Amino acid sequence: MAVSGYALFPFVFFLFTTFVTSSTSASGFQSQSQINVWPKPRTFSWPSSQASLLSPNFSITSPNHQHLYPAVARYRRLILTEHHRPLVTPKHVNITGPPLQTLTIFVSNLTAPLHHGVNESYTLIVPIGGAANLTAATVWGAMRGLETFSQVVWGHPLLVATGLFVWDSPLFGHRGLMLDTSRNFYGVEDILRTIGAMSANKLNVFHWHITDSHSFPLLLPSEPDLAGKGSYGSQMQYSPADVKRIVEFGLEHGVRVLPEIDSPGHTGSWAEAYPEIVACANMFWWPAEVDWDDRLASEPGTGHLNPLNSKTYQVFKNVTQDVTALFPEPFYHAGADEIIPGCWKAEPAIQTFLSNGGTFSQLLEIFINSTFPYIVSLNRTVVYWEDVLLDANVKVDPTMLPPENTILQTWNNGPDNTKKIVASGYRAIVSSSDFYYLDCGHGDFPGNDSQYDQKPGTDTENNGGSWCGPFKTWETIYNYDITYGLSDEEAKLVLGGEVALWSEQADPTVLDARIWPRASAMAEALWSGNRDKTGMKRYADATDRLNEWRYRMVARGIGAEPIQPLWCIRNPGMCNTVHPFIKQ
């Protein structure tokens, strides 16, 4: 297949060239003969600082593949029309040779599915004369290489870096972003824009937290009343056609769409259709007369599925069968976090169970034992939040969850819980709230909150009432090592990480700025690491590059928030500090 005029490869080459040839002095100044590529490739060589014009008739030749073809067409359009003007123009670039006419893509395996562990490596060669070549093991690696190529093209007229060699492959196979669409609704276009930005940052998993206690926006053929009665309205639902469009868009961008239907907690919205299977639904979350330990939920929005009601499992299986039919992804996220004893205790049948010697952990075990085997029978690997095994009060016996069928996603206690998970033989996805929660630092959302009525000069607990405050800066995210404290063998069980945007105080009006460019910081850390070849953290070098990348994302239609004044970008290194604030 030949697609003329596609410019992504030159653009990526430009970014790689800038990135590799940049150097940082002791004072933080960078060479201006650089090309910025984000995330930084594993190996990038542009020794001659040469470039050629990109032909107006530039074409990309690639194998015929249903998902690679639209990617090639998309990148060709981008490359020929973007005309990126770097905030710091590369200097000392020697423009020689004939215009680049063609990028040829070679793919070894055209049938490898977009599953966890797929080979995403690629090699990009742009010679000083002749055609450019992009070689990849799979079409998904070819898409990563196309993004890199797009970032080494710039200017008007278009220039592309030549004498360029890139070899690249991610350090972690799972590089994700979680979005909660229950608490506030996001339209399909918002989700597609987010997936497109993920692909540009070489993120590959869109973890879709679709439902929760607040709303059930997913319209399911077998259980239409769950969305019909449990969504915020007919205009705030995702139809099967919407899901198909999102999944297909993900495939065309090399992004897996991983669904999460949280249960047995976080299911208050199910009660609008089936009140008989949900405990404590629509009750006040923390009554005035009870202590925190006896609350019905950890935030407004109550409801847990009742494990003792047989109808619970009829509805659950209908939901799970429909969701697995809609989403081809082999991982299925089943939640199982934040079981609140006070909620179950409000259900009369459960009160009887407890009075006869039963425990809350046994209730959870009844539920997991009745649902986990069914999900596995649908040829899915089950992902749970860590609580199912690590909660201090309500958890199941590990023998119920075979590690070969189970992945645990950690969100508490930073590296300590990651260590507990992998030391027990389970694979882990890291989403530590101390580092990767993008919603933190905006306060809490309950009204009438006395935490905000403090005398001047008083230190408010938890940074003004935000349970996971303070705000997680891009530097905090970039510098987190998700395998910290693990042995080499334990580190092999860490699949990767996800930044998470819970939507109590987010909706489409702030979506882009809450995510980007902070998610870009994790993207590079998980792709090529956060250290240079000497083992030193490279966040100082990353600042100028991330600034440039943020402006480029904005030009591509992503409303990423700024990380510095424009003056800093135009004066590289001048906004750095050369004095350590914390002594190591």
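Predicted, not measured: the structure shown is a model, and the values here were computed from it. (Residues numbered from 1 in each chain as written. Predicted model: local features only at pLDDT ≥ 70, side-chain atom pairs only at ≥ 80, totals over all residues. Heavy atoms only, no water.)

## Describing the overall build of the chain
Helices and strands together make up the secondary structure of the chain, namely 19 helices and 20 strands. Its C-alpha radius of gyration of 25 Å places the chain within 12% of the 25 Å reference for a compact globule of 584 residues. On the principal axes, the C-alpha backbone points of the chain span a range of 85 × 60 × 45 Å. Counting over 584 residues, the chain shows a buried share of 57%. A fraction of 79% describes how many contacts in the chain between residues 6 or more apart in sequence connect residues 24 or more apart. (Helix = DSSP H or I, 4+ residues; strand = E, 2+ residues; numbered from the N terminus. Rg over C-alpha atoms; globule rule 2.2 N^0.38 Å. Buried < 20%, exposed > 50% of the residue type's maximum accessible area, 1.4 Å probe, protein only. Contact = heavy atoms within 4.5 Å.)

## Description of the side chain of Thr148
In this structure, Thr148 sits in helix H3 (residues 139-150). Reaching out from Thr148, the side chain makes a polar contact with the side chain of Lys202 at a distance of 2.9 Å. (Polar contact = N/O pair within 3.5 Å; in protein donor to acceptor, adjacent residues only side chain to side chain.)

## Quick notes on the sheet that holds strand S12 (residues 205-211)
Taken together, 8 strands build a closed barrel; the order of strands is S11-S12-S13-S16-S17-S18-S19-S20 and the barrel is parallel. Direction aside, neighbouring strands of the sheet carry axes that sit 30° apart on average. Looking at chain direction, strand S17 (residues 381-385) and strand S18 (residues 406-410) are connected through 4 bridges and run parallel. Each bridged residue has a counterpart across the sheet, and for Val383 the counterpart in S18 is Ile407. Contacts between helix H10 (residues 360-377) and the sheet are confined to strand S13 (256-263), strand S16 (331-335), S17 and S18, with S17 contributing the most and set at about 140° to the helix. (Pairing = 2+ DSSP bridges. Axes fitted to C-alpha atoms, helices over the stretch in contact; angles between N-to-C directions.)

## As for the environment of His207
In this structure, His207 sits in strand S12. Residue His207 is classed as buried on the basis of its relative accessible area of 0%. Between the C-alpha atoms of His207 and Leu177, which are 30 residues apart in sequence, the distance is 5.8 Å. In this view, His207 contacts Leu177, Met178, Leu179, Leu258, Glu260, His333, Trp385, Gln409 and Glu498; residues no more than four positions away in its chain are not counted. A polar atom in the side chain of His207 sits 2.7 Å from the side chain of Glu260.

## Comments concerning the state of the cysteines
By the definition in use, this model includes 3 disulfides. Two residues share a disulfide in this structure: Cys280 and Cys343, whose sulfurs sit 2.0 Å from each other. What sets the handedness of the Cys280 and Cys343 disulfide is the S-S torsion sign, and at about -95° it is left-handed. One end of the pair, Cys280, is in the loop between strand S14 (278-279) and strand S15 (304-305); the other, Cys343, is in helix H8 (residues 341-345), with 63 residues separating them in the sequence. (Disulfide = S-S within 2.5 Å.)

## Looking at the packing of aromatic side chains
Overall, the coordinates contain 21 aromatic pairs when judged by the stated rule. Both rings, one in Trp38 and one in Tyr478, keep their centres 6.4 Å apart while their planes meet at 45°; by these two values the pair is tilted. Note that Trp38 is positioned in the loop between helix H1 (8-21) and strand S2 (43-45) and Tyr478 in helix H14 (residues 474-479), a separation of 440 residues in sequence. Both residues of the pair, Trp38 and Tyr478, count as buried. With a centroid separation of 4.7 Å and an interplanar angle of 25°, the aromatic rings of Phe185 and Tyr238 are classed as stacked. Within this pair, whereas Phe185 is found in the loop between strand S11 (174-180) and helix H4 (188-200), its partner Tyr238 is found in the loop between helix H5 (224-230) and helix H6 (240-252), the two being separated by 53 residues in sequence. (Phe/Tyr/Trp six-rings, centres within 6.5 Å; stacked < 30°, edge-to-face > 60°.)

## Digging into the nonpolar core
For soluble globular proteins, nonpolar side chains are generally found buried alongside one another. Judged by nonpolar contacts, the single largest core of 143 residues is most densely connected at Phe149 and Trp516. Excluding residues that lie within four positions of it along the chain, Trp516 makes contacts with Leu177, Thr194, Ala197, Met198, Asn201, Leu203, Met553, Ile558, Ala560 and Glu561. Judged by nonpolar contacts, the second largest core, of 8 residues, contains Met178, Trp385, Ala500 and Trp502. (Core = buried A, V, L, I, M, F, W, Y, C linked by side-chain atoms within 4.5 Å.)

## Observations concerning the packing of helix H7 (residues 310-326) against H10
Look at H7 against H10: their axes get within 11 Å of each other, and the N-to-C directions meet at 30°. Between H7 and H10, the angle is such that the two are roughly parallel. As for how H7 packs across H10, the hand of that crossing is right-handed. Contacts between H7 and H10 involve Thr312, Tyr313, Phe316, Lys317, Thr320 and Gln321 from the former and Ile366, Phe367, Ser370, Thr371, Tyr374 and Ile375 from the latter. (Parallel < 35°, antiparallel > 145°, perpendicular 65-115°, else oblique. Left-handed = near helix turned anticlockwise from the far one by under 90°.)

## As for the pattern of salt bridges
Going through the model one piece at a time under the given rule, you end up with 22 salt bridges. Between Glu189 and Arg245 there is a salt bridge, with its nearest N and O atoms 2.6 Å apart. Of this pair, Glu189 sits in helix H4 while Arg245 sits in helix H6; the two residues are 56 residues apart in sequence, bridging distant segments of the chain. Look at Glu189 and you get partly exposed, because its relative accessible area is 48%. (Salt bridge = Lys/Arg side-chain N within 4 Å of Asp/Glu carboxyl O.)

## Considering unusual backbone geometry
With an omega of 10°, the peptide bond running from His156 to Pro157 counts as cis. By secondary structure assignment, the location of Pro157 is in the loop between strand S8 (153-154) and strand S9 (159-162). The amide bond that connects Ser263 to the next residue, Pro264, takes the cis arrangement and shows omega of 0°. Here Pro264 lies in the loop between S13 and S14. Even without being glycine, His83 reaches a positive phi, approximately 50°. Here His83 is to be found in the loop between helix H2 (68-81) and strand S4 (94-95). Backbone geometry places Asn282, a non-glycine residue, at a positive phi of 60°. Given the relative accessible area of 64%, Asn282 is considered exposed.

## Comments concerning the confidence of the model for the chain
Considering every residue of the chain, the mean pLDDT works out to 92; 92% of them sit at 70 or more. Segment residues 1-33 is flagged for pLDDT under 50; beyond a separation of four residues in sequence, or across chains, it makes 214 contacts in the model. (pLDDT = per-residue confidence, 0-100.)

## Some thoughts on H3
In this model H3 runs 16 Å from its N-terminal to its C-terminal C-alpha over 12 residues, within 8% of the 16 Å that 1.5 Å per residue would give. Counting buried positions along H3 gives 12 out of 12 residues, so the element sits mostly inside the fold. Every buried residue of H3 is listed here: Val139, Trp140, Gly141, Ala142, Met143, Arg144, Gly145, Leu146, Glu147, Thr148, Phe149 and Ser150. (Expected span 1.5 Å × (residues − 1).)

## With respect to a nonpolar patch on the surface
A surface patch of nonpolar side chains, amounting to about 250 Å² of accessible area, comprises Ile125, Phe165 and Trp167. Its place among the elements puts Phe165 in strand S10 (residues 164-168). On the accessibility criterion, Phe165 (35% relative accessible area) is partly exposed. (Patch = residues over 30% accessible without salt bridge, like charges linked within 9 Å, V, L, I, M, F, W, Y side chains within 5 Å. Areas by Shrake-Rupley, 256 points an atom, 1.4 Å probe, with all protein chains shown as cover.)

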